[in-house]
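In case you want the letters, here they are:
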Amino acid sequence: MAEVIGAALAAKASGAGVRVIAEQLGRPVETVRGWLRRFAARAEAVRRYFTVLLVDAGVDPAPPGTGRTIFADAVAAVVGAWWSMTSRWPGVGKVSPWVAACAVTGGILLAPTWPAETINTSRP
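Values in this document were obtained by computation on a predicted structure and should not be read as measured data. (Residues numbered from 1 in each chain as written. Predicted model: local features only at pLDDT ≥ 70, side-chain atom pairs only at ≥ 80, totals over all residues. Heavy atoms only, no water.)

A.B. asks: What am I meant to see in the overall build of the protein chain here?
C.D. replies: A count of helical and extended segments in the protein chain gives six helices and zero strands. Element order for the protein chain, N to C, with α for helix and β for strand: α-α-α-α-α-α. Out of the 124 residues in the protein chain, the part that is buried amounts to 43%. Here the contacts in the protein chain between residues at least 6 apart in sequence split such that 61% fall between residues at least 24 apart. As presented, the protein chain carries roughly 6,500 Å² of accessible surface, and 58% of it is formed by carbon and sulfur atoms. (Helix = DSSP H or I, 4+ residues; strand = E, 2+ residues; numbered from the N terminus. Buried < 20%, exposed > 50% of the residue type's maximum accessible area, 1.4 Å probe, protein only. Contact = heavy atoms within 4.5 Å. Areas by Shrake-Rupley, 256 points an atom, 1.4 Å probe, with all protein chains shown as cover.)

A.B. asks: How should I be thinking about empty space enclosed by the protein in this particular structure?
C.D. replies: To locate leftover empty space, one rolls a probe as large as a water molecule over the atoms. For the structure on display, the rule yields one cavity of 30 Å³ or more. Of the volumes computed, that of the largest cavity is approximately 60 Å³. If you go around the largest cavity, the residues you meet are I5, L9, W35, R38, F39, R42, L109, L110 and A111. Taken together, the elements giving at least two residues each to the lining of the largest cavity come down to α1 (2-13) and α3 (29-41). Here the residues of the lining of the largest cavity are counted per class, giving seven nonpolar, no polar and two charged. (1 Å grid on protein atoms, 1.4 Å probe; cavity = no way out; pocket = protein on both sides within 12 Å on 5 of 7 lines; lining within 4 Å. Points joined across faces, edges and corners; volume = space filled by probe spheres on them. Nonpolar A, V, L, I, M, F, W, Y, C, P; charged D, E, K, R; others polar.)

A.B. asks: Before we go on, may I ask you to explain the nonpolar core in this structure?
C.D. replies: Buried together is how nonpolar side chains tend to be arranged in soluble globular proteins. With 35 residues, the main nonpolar core has L9, V32, L36 and F50 as its most contacted residues. When contributions to this core are tallied by element, the ones reaching two or more residues are α1, α2 (18-25), α3, α4 (43-57), α5 (70-88) and α6 (97-104). With nine residues, the single largest contributor to this core is α5. Excluding residues that lie within four positions of it along the chain, L36 makes contacts with A8, L9, K12, V18, I21 and F71. (Core = buried A, V, L, I, M, F, W, Y, C linked by side-chain atoms within 4.5 Å.)

A.B. asks: Sorry, what's going on with the packing of α1 against α6 here?
C.D. replies: Where α1 contacts α6, the axes come no closer than 8 Å and their chain directions differ by 110 degrees. Taken together, the axes of α1 and α6 lie roughly perpendicular to each other. Residues A2, E3, G6 and L9 of α1 pack against W98, V99 and C102 of α6. Residue composition of the contact of α1 with α6, grouped by class: five nonpolar, one polar and one charged. (Axes fitted to C-alpha atoms, helices over the stretch in contact; angles between N-to-C directions. Parallel < 35°, antiparallel > 145°, perpendicular 65-115°, else oblique.)

A.B. asks: Is there a simple way to explain the environment of R27 in this structure?
C.D. replies: Mapped onto the fold, R27 is located in the loop between α2 and α3. Note: C-alpha distance between R27 and A8 (19 residues apart in sequence) is 10.0 Å. When neighbours within four sequence positions are excluded, R27 is seen to be in contact with M1, V4, A22, V32 and W35.

A.B. asks: How do you make sense of the packing of α2 against α3 when you look at a structure like this?
C.D. replies: A pair of packed helices is characterised by two quantities: the angle between their axes and the separation of those axes. With their axes 9 Å apart at the nearest point, α2 and α3 run at an angle of 115 degrees to one another. Seen along the crossing, α2 lies across α3 with a hand that is right-handed. On α3, the residues touching V18, R19, I21, A22 and L25 of α2 are V29, V32, R33, W35 and L36. Considering only residue class, the contact of α2 with α3 consists of eight nonpolar, no polar and two charged. (Left-handed = near helix turned anticlockwise from the far one by under 90°.)

Printed below as a string of structure tokens:
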């Protein structure tokens, strides 16, 4: 399920609309809209958390540049952190960035009840 939601988030970050994403994934529009809204509401916290992880885990980290939206920045940070983790621990590359993101957040990143306050955003 993490891969499906991650695909929805990546599609939105690339500019796709909710109806197109829902159709491509074979999911109800309201379900996809809920995923996108929850992620958008915590995008800044996600961006910060995964940018710190990217820098801390990477062998020679290169934080992602600024995207056109904070949503896109957050998605880029998740994927960038995954790449950094694979540079240090190649086995991480056996799972998708979204499965890895769920693992490093204790499974709460994509959970409907995930509170943004759970993530330490004190570090940029």
